[in-house]
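# A structural walkthrough
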Amino acid sequence: MLEQQKVWLNGQMIPWKSATVPILSHGFSRGSAIFEVFGIHPGTEGAYAYRMDKHLDRLFHSADLLGMELGSSREAIEDGVKKTVRENKISRGLVKLVAYWGEEAIINLVLDSKLDVAIFTVPANEDLALDQPDPIDVCISKWRKIRSDMIPGEAKACANYLNGYLARKDAVNRGYTLGILLDSEGYVAEGSIESVFMVKDGTLITTPTGNILRSISRMSILEAAPKYGIPVSEERYSPERLLEADEIFTSHTGIKVLPVKRIEDRELSPSPGPVTKQMMNMMQSICSLSDPNFKHWFHPM
Ligand SMILES: Cc1ncc(COP(=O)(O)O)c(C=O)c1O
């Protein structure tokens, strides 16, 4: 199915199979590529991209943080997303943008050239499980989140995902769906590819930005929850507090609110709990473009 998709590469539409890089490219062999993933949702007048402006802000911010420059303008990329979504007839699915040094770089570590930009679409399918948030089991990972004075945690760079890979692998080996990483000082940071929220006494609590990815889903939940009557708080908290939470959920572009039913040995029951359920309904209502207060988050394709 994916092989039938067309890919936008530096302004040209090319077949999926041709969207490749040399093994010795900097993006691949040094892991320096940066990327974004955002949702496409069906609306009354076609497909809409979820908060594309925020995702593009973050893409350009990742490039800035790493001293890189994209070879396509913001307007060209916006146009490219539209073109790719339309050409591939996506009504529900994901867009993945990748910016990378595609040329071979055998010795050079620092390159002056601008990044190539590729735009992929992935139609919703069972493997993505976009709209099936079955409650999951999570653990506290033995791996710590990379410190931002080592690699900026706010940059959505492929190299950072080796940290997330290790945490996920460790969790899966221990029989959990995913692992939550603590920061270098022992506070809860985030998951491998997801933010973490806990509920205590009716308040939604999450880690402040600084050493975690500026998740667009996290930002959206923090903006919308108070309008749905749920108070929010951004604070650093210990894993001990997380273990005593009333409710826990994770969040990312693919599944906006994913309830947790067990953390380490502790069952959370019922799962989803009442606040998590309310957040699931809230995001469902927003993402089906039914909430007029948040329609401006969607960009027509
Ligand atoms: C480390 C990390 N945290 C959080 C998220 C969630 O971010 P977003 O809501 O923008 O998908 C991601 C998504 O890929 C991630 O990789």
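Overview of the structure. (Residues numbered from 1 in each chain as written. Predicted model: local features only at pLDDT ≥ 70, side-chain atom pairs only at ≥ 80, totals over all residues.)

Inspection of the region around the ligand gives Gly164, Glu190, Ile193, Glu194, Ser195, Leu213, Ser215, Ile216, Ser217, Arg218, His252 and Thr253 as its neighbouring residues. Sort the elements by how many residues they give to the shell around the ligand and helix H5 (residues 216-224) lands first, with 3 residues. Its residues assigned to classes, the shell around the ligand comprises 3 nonpolar, 6 polar and 3 charged. (Near = placed C-beta within 6 Å. Helix = DSSP H or I, 4+ residues; strand = E, 2+ residues; numbered from the N terminus. Nonpolar A, V, L, I, M, F, W, Y, C, P; charged D, E, K, R; others polar.)

Structurally, Trp297 is set in the loop between helix H7 (274-287) and strand S16 (298-300). Owing to 22 C-beta atoms within 10 Å, Trp297 belongs among the buried residues under this scheme. Taking the C-alpha atoms as reference, Trp297 lies 29 Å from Ser271; in sequence the two are 26 residues apart. When residues no more than four places from it in sequence are discounted, the contact partners of Trp297 are Tyr50 and Arg51. (Buried ≥ 20, exposed ≤ 12 C-beta atoms within 10 Å, placed from the backbone. Contact = placed C-beta atoms within 7 Å.)

What follows concerns the pairing of strand S1 (residues 6-9). Two faces belong to every sheet, and in a regular strand the side chains alternate between them. Note: S1 against strand S2 (residues 12-15), 4 bridges, orientation antiparallel. Its bridge partner being in S2, Leu9 is matched across the sheet by Gln12. Here S1 hands over to S2 after 2 residues, with Asn10 in that stretch at a positive phi of 50 degrees. Here S1 runs beside strand S6 (residues 116-123); their pairing, made up of 2 bridges, is antiparallel. Note that in S6 the partner of Leu9 across the bridge is Ala118. (Pairing = 2+ DSSP bridges.)

A few words on the packing of helix H2 (residues 52-65) against helix H3 (residues 74-87). Packed helices, taken two at a time, are described by the angle between their axes plus the distance between the axes. Interhelical geometry of H2 versus H3 gives an angle of 130 degrees and a closest axis separation of 11 Å. When the axis of H2 is compared with that of H3, the two are oblique. As H2 packs across H3, the resulting crossing turns out to be right-handed. In contact with Met52, Leu56 and Phe60 of H2, H3 contributes Arg74, Ile77, Glu78 and Val81. Considered class by class, the residues forming the contact of H2 with H3 number 5 nonpolar, no polar and 2 charged. (Axes fitted to C-alpha atoms, helices over the stretch in contact; angles between N-to-C directions. Parallel < 35°, antiparallel > 145°, perpendicular 65-115°, else oblique. Left-handed = near helix turned anticlockwise from the far one by under 90°.)

Bringing the sheet that holds S1 into the picture now. Spatially, 7 strands are ordered S2-S1-S6-S5-S3-S4-S16 in an open sheet, and the strand pairing comes out antiparallel. Strands with a single pairing partner mark the edges of an open sheet, and in this sheet they are S2 and S16. Ignoring which end each strand starts from, the neighbouring axes of this sheet average 30 degrees apart. Here 4 bridges tie strand S3 (residues 34-43) to strand S4 (residues 46-50), and the two strands are oriented antiparallel to one another. Across the sheet, the residue bridging to Ile40 is Ala49, located in S4. Those strands touched by H2 are S3, S4, strand S5 (93-100) and S16, and its axis lies near 175 degrees from that of S3. On the sheet, H3 packs against S1, S2, S3, S4, S5 and S6 and is oriented at approximately 35 degrees with respect to S6.

On to the nonpolar core, then. Note that soluble globular proteins tend to have their nonpolar side chains buried in a common cluster. Membership of the largest hydrophobic core comes to 73 residues, with the highest contact counts inside it found for Ala49, Val95, Leu97, Ala99, Ile119, Ile248 and Met279. In terms of residue count, the dominant contributor to this core is H7 (6 residues). Excluding residues that lie within four positions of it along the chain, Met279 makes contacts with Ile221, Ala225, Phe249 and Val257. (Core = buried A, V, L, I, M, F, W, Y, C linked by C-beta atoms within 7 Å.)

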